[in-house]
Amino acid sequence: LIATAVGKAFHVYNCAKIHLLFVSPPQEDSIVYLIQDRLTTYIAVGKSVKCFKRGKQVWCLEGHSGFVHTLLLVGQHLIAIDDRNSFKVWDRKAKELYTELHFNSDSFEISCIVHPSTYLNKVLIGSKQGPLQLWNIRNGK
């Protein structure tokens, strides 16, 4: 499946035939980030992260004080980063906040994040200032 944001909605296509399968309902704000696993699409809209299956919203994660701009899937966790430099790890199965980290924007403003495939429970976070940090999402170190 391929998902693409189109203004305030997103479309899901079949890869084999590039056939439109689903169109999400229009959101209240533009979709800033979109990520997908096998059957689920996650979107960052405003201060929340919404989860969709087959084009229908199944749940919404709220609790960010800033606008969410980056998402990453790591196993059963969904990582969301907002413009107030808050790093929240959500448990996708329990649909609740797993852990939260805050970074000082003056010394480390988060610009990107990646999960090295051979590193269990770890993410590499890049900053606009240049340095990188390796964090274990399970224990917050």
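For the structure itself, consult the block above.
Read on for a plain summary of the structure. (Residues numbered from 1 in each chain as written. Predicted model: local features only at pLDDT ≥ 70, side-chain atom pairs only at ≥ 80, totals over all residues. Heavy atoms only, no water.)

1. A look at the sheet that holds strand β13 (residues 122-127)
A sheet is described by the order of its strands in space; here 3 strands give the open sequence β12-β13-β14, paired in antiparallel fashion. Strands at the two margins of the open sheet, each flanked by one partner only, are β12 (110-114) and β14 (132-136). The mean angle between the axes of side-by-side strands here comes to 25°, regardless of whether they run parallel or antiparallel. Sheet topology note: the β12/β13 ladder contains 4 bridges and is antiparallel. Each residue of the ladder has a partner; that of I113, found in β13, is I125. (Pairing = 2+ DSSP bridges. Helix = DSSP H or I, 4+ residues; strand = E, 2+ residues; numbered from the N terminus. Axes fitted to C-alpha atoms, helices over the stretch in contact; angles between N-to-C directions.)

2. Description of the nonpolar core
Among the nonpolar cores identified, the biggest contains 15 residues, and I79, F87, F103, I113, V123 and I125 are the most heavily contacted of them. For this core, the elements supplying multiple residues, two or more each, are β8 (68-74), β9 (77-82), β10 (86-91), β12 and β13. (Core = buried A, V, L, I, M, F, W, Y, C linked by side-chain atoms within 4.5 Å. Buried < 20%, exposed > 50% of the residue type's maximum accessible area, 1.4 Å probe, protein only.)

3. So, the pattern of salt bridges
What the rule picks out here adds up to 4 salt bridges. With a closest N to O distance of 2.7 Å, D37 and R92 form a salt bridge. On the criterion of sequence distance, the pair formed by D37 in the loop between β4 (33-36) and β5 (40-45) and R92 in the loop between β10 and β11 (96-102) is long-range, its members being 55 residues apart. Judged by relative accessible area, R92 falls into the buried class, the value being 17%. A salt bridge links K88 to E100; its shortest N-O distance comes to 3.2 Å. Of the two residues, K88 is situated in strand β10 and E100 in strand β11; the sequence distance between them amounts to 12 residues. The class of K88 is buried, set by a relative accessible area of 6%. (Salt bridge = Lys/Arg side-chain N within 4 Å of Asp/Glu carboxyl O.)

4. Quick look at a nonpolar patch on the surface
On the surface, L1, L21 and L39 cluster together to form a nonpolar patch covering roughly 270 Å² of accessible area. Along the chain, the position of L39 falls in the loop between β4 and β5. (Patch = residues over 30% accessible without salt bridge, like charges linked within 9 Å, V, L, I, M, F, W, Y side chains within 5 Å. Areas by Shrake-Rupley, 256 points an atom, 1.4 Å probe, with all protein chains shown as cover.)

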